[in-house]
Amino acid sequence: MRDRQLRARDMLRGDLEGEELERYVEERVVMTNFDKMLNWARSNSMFPLTFGLACCAIEAPISLVTARYDLARFGAEALRASPRQADFIILSGRVSIKMAPVVRRLYDQMLEPKWAISMGACSSSGGMFSNYAVVQGADKFMPIDLHIPGCPPRPEAVLYGFTKLQRKIQGNPDPGWRQRYNAAGTEEWARGGPRSAPSAEALAAYEAARELVNA
Amino acid sequence: MPDAPGLELIRGEIEQDHPGAVLDTSFDRGQAALVVDSAQALGVLRWLRDAPGQGYTFLSSLHAADYLPASPRFGVHYELLNRDRVERLRVKAMLSEDPKIDSCVELFPTAEFQEREAYDMFGIVFNGHPDLTRILLPEDYVGWPQRRDFPVGGEPVLFTYNEGDRG
């Protein structure tokens, strides 16, 4: 540490030259492209919509911003009360057929780029409410990027799901169970259309994982 | 709570003012109920509210029921309460297919929303209701979901016991 401080001081004084200077720059500069940097910034500064549908709202938007779970650690503590300012929406609970047009309108009012998380069994599949009043899965009327299972999911599960969403935003979605079951290529990425080819990063991550398993 | 003989006394008194209105009485598990002719239900309710010595001035609940295999099929239940003696009395009006009954909003203003809910869920038409529209379901909903012949709804779920049905 002291060594590095001294070298930084030399650098500022202009005393660093040649090989020393090359190594100093190599250690401190990261080469990337603008898209990656933008997505990195986006994924670490997400504004959730202040929005709750049912009992899952107690677990997700309400618990997550408390000190115990603290969504601020992931850069998503700024809850926005207007869909115009929000980056993603958490569907926390069952969507009744009377509420579905309202949810769809909220989603349409959000500005691109935007994401949607379907939290819990009810908004993903209708859950226990297989009846006349509840929509059987919110992806019937709007695109969903991520489903979090549970009834309700614990706040930790929602945080885990949120970190997965961050990886997806950064263009490096988690292959998850596909790693274990050798199922690369079966992904249905919401943004790339159904059954589109996985990204180069995802394939590389998958290949690396397979090599680890085979070794 | 009127006991079984008390219920018969009430029936006898109603019979003097509204002959033929009460079709049956039942006293089951401490609950007194009058089964009335649906055309005269409003008159019986008014009598129970206003007649001296009765004073069932409070409608604590109005709800409908579907007894599908039975006939007549629908029931509209009025739960009345005498708040001085704390006595409860149930009035049942039975209705067959295409159910219609007079609204009791003029007697008990609280019935307005409850009659709308009965209309929403069972399709029971209350004649004379000031605003008989759906209250819980969307306005463009088709069907009466709490009727027994309404499909349970949702979507078929693939379990192991029925996976052969869908190929």
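Please read all numbers here as calculations on a predicted model, not as lab measurements. (Residues numbered from 1 in each chain as written. Chains lettered and ligands numbered in written order. Predicted model: local features only at pLDDT ≥ 70, side-chain atom pairs only at ≥ 80, totals over all residues.)

Draft legend 1. Layout of the overall build of chain B. Helix and strand content of chain B: three helices and seven strands. Taken from the N to the C terminus, the helices and strands of chain B come in the order α-β-β-α-β-β-β-β-α-β. With the C-alpha coordinates of chain B rotated into their principal frame, the extents come out at 70 × 35 × 30 Å. In chain B, buried positions account for 25% of the 167 residues. (Helix = DSSP H or I, 4+ residues; strand = E, 2+ residues; numbered from the N terminus. Buried ≥ 20, exposed ≤ 12 C-beta atoms within 10 Å, placed from the backbone.)

Draft legend 2. Highlighting the nonpolar core. Counting residues in each nonpolar core, the largest one holds 34 residues, and the members touching the most others are V91, A118 and I124 of chain B. Elements represented by at least two residues in this core include exactly α1 (4-17), β2 (31-36), α2 (41-50), β3 (58-66), β4 (74-82), β5 (87-95) and α3 (111-122) of chain B. At five residues, the largest contribution of residues to this core is made by α3 of chain B. With 32 residues, the next largest nonpolar core counts L53, A86, M110 and I169 of chain A among its residues. (Core = buried A, V, L, I, M, F, W, Y, C linked by C-beta atoms within 7 Å.)

Draft legend 3. Focus on the sheet that holds strand β1 (residues 88-92) of chain A. All names here are of chain A. If you trace the three strands from one edge of the open sheet to the other, you get β1-β2-β3, paired in parallel fashion. Edge positions in the sheet fall to β1 and β3 (146-148), since each has one partner strand and no second. Here the average twist between neighbouring strands, direction ignored, is 20°. Pairing of β1 with strand β2 (residues 115-119) involves five bridges; the strand directions are parallel. If you follow S92 over to β2, its bridge partner there is M119. On top of the sheet, helix α7 (residues 155-169) reaches β2 and β3; it is set at about 165° to β3, its chief contact. (Pairing = 2+ DSSP bridges. Axes fitted to C-alpha atoms, helices over the stretch in contact; angles between N-to-C directions. Contact = placed C-beta atoms within 7 Å.)

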